[in-house]
Amino acid sequence: MKMNFENEELKAIDEIGDNHHSTSAETPLRDDAFKLSDSEKIELIKEDVARIMQTLGLDLTDDSLKGTPNRVAKMFVNEIFGGLNPARKPKASTFDNNYKYGEMLVEKNITVYSTCEHHLLPIVGRAHVAYISNGSVVGLSKMNRVVDYYAKRPQVQERLTMQVVQELQKVLGTQDVACVIDAKHLCVNSRGIRDIESSTVTSEFGGKFKEEAVRREFLDYIKLDTPF
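Under an unreviewed UniProt entry, the protein chain has the name GTP cyclohydrolase 1 and belongs to Leeuwenhoekiella polynyae. We quote the UniProt Pathway (unreviewed entry) comment for the protein chain here in full: "Cofactor biosynthesis; 7,8-dihydroneopterin triphosphate biosynthesis; 7,8-dihydroneopterin triphosphate from GTP: step 1/1." According to the UniProt record, the Catalytic activity (unreviewed entry) comment for the protein chain reads "GTP + H2O = 7,8-dihydroneopterin 3'-triphosphate + formate + H(+)".

And the structure:
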């Protein structure tokens, strides 16, 4: 009975990953997630990556491979999963809307590089973010930085979309924030079904963006071509 229960549990866990479901609206972190320093994490991950490569039968004395465990460890901690560290969160600096701009502001085609938390394979795409000021504005690059911060961690696209909106709502002090993300998932494109053409679109609309006319205006702006 115990073996059957364990098999059913493993099957359920696999189904969550294979269907790209999220079980939490927040990034699932342990209470002791930041007990170790970045350098300590790099050393431990380096050992684990070396063990994986050795298990696969790779020769770590080869000049091309001997530095790979250290490179991967540094990449995990400092780059592709750097958004796990709250110390890297973009500063919440806003400015008064002195010019009384009252229409929506849209930042489109923000590059998204993230990592699927189910297979640790890349998610690559574009984010489109908009807000309507209620008295405060942010620098244009702030929206890009917020997207990048929440993308730099193991993610599911739905959660990423929500986290971008929720963060900007807190920073701006308004519910009138929206985000649409269109991205390719290499866990779909390069493995499993191996569909290289499909992409995933997610959206989160807050405040006035729940109104059909406002939402439609935002979506129409996204379609605009911006040649240079």
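From this point, things continue past the structure.
Colleague: Which residues make up the side chain of T161, and what values go with them?
Modeller: One can find T161 in helix α5 (residues 157-172). A residue is classified by how much of its surface remains accessible, and T161, at 0% relative accessible area, is buried. A polar atom in the side chain of T161 sits 2.8 Å from the backbone oxygen of Q157. Setting aside residues no more than four positions away along its own chain, T161 makes contact with C179, I181, T202, S203 and E204.

Colleague: Account for helix α4 (residues 140-151), naming residues and giving values.
Modeller: The terminal C-alpha atoms of α4, which comprises twelve residues, lie 18 Å apart, in line with the 16 Å expected from a rise of 1.5 Å per residue. Among the residues of α4, K142, M143, V146, V147, Y149, Y150 and A151 are the ones counted as buried. Here the buried face of α4 lies against α3 (68-80), β2 (104-116), β3 (122-132), β5 (154-155) and α5.

Colleague: Lay out the packing of helix α2 (residues 38-55) against α3 in plain terms, naming residues and giving numbers.
Modeller: Where α2 contacts α3, the axes come no closer than 8 Å and their chain directions differ by 135°. Classified by the angle their axes make, α2 and α3 are oblique. In this structure, the crossing between α2 and α3 has a hand that is right-handed. Along its contact with α2, which presents D38, K41, I42, I45, K46, V49, A50 and M53, the element α3 presents T68, P69, N70, V72, A73, K74, F76, V77 and N78. Residue composition of the contact of α2 with α3, grouped by class: ten nonpolar, three polar and four charged.

Colleague: Report on the UniProt feature "binding site: Zn(2+)" (unreviewed entry) in the protein chain, specifying residues and quantitative values.
Modeller: In this numbering, the UniProt entry assigns the feature "binding site: Zn(2+)" (unreviewed entry) to C116, H119 and C187. Across 72 residues, the annotated set stays spatially compact, with a maximum C-alpha separation of 7.3 Å. Along the polypeptide, C116 turns up in strand β2. Residue classification places C116 among the buried residues on the basis of a relative accessible area of 3%. With respect to the helices and strands, C187 occurs in helix α6 (residues 186-189).

Definitions and limits used
- Residues numbered from 1 in each chain as written.
- Predicted model: local features only at pLDDT ≥ 70, side-chain atom pairs only at ≥ 80, totals over all residues.
- Heavy atoms only, no water.
- UniProt positions renumbered as here; feature names shortened; annotations may be inferred.
- Helix = DSSP H or I, 4+ residues; strand = E, 2+ residues; numbered from the N terminus.
- Buried < 20%, exposed > 50% of the residue type's maximum accessible area, 1.4 Å probe, protein only.
- Polar contact = N/O pair within 3.5 Å; in protein donor to acceptor, adjacent residues only side chain to side chain.
- Contact = heavy atoms within 4.5 Å.
- Expected span 1.5 Å × (residues − 1).
- Axes fitted to C-alpha atoms, helices over the stretch in contact; angles between N-to-C directions.
- Parallel < 35°, antiparallel > 145°, perpendicular 65-115°, else oblique.
- Left-handed = near helix turned anticlockwise from the far one by under 90°.
- Nonpolar A, V, L, I, M, F, W, Y, C, P; charged D, E, K, R; others polar.

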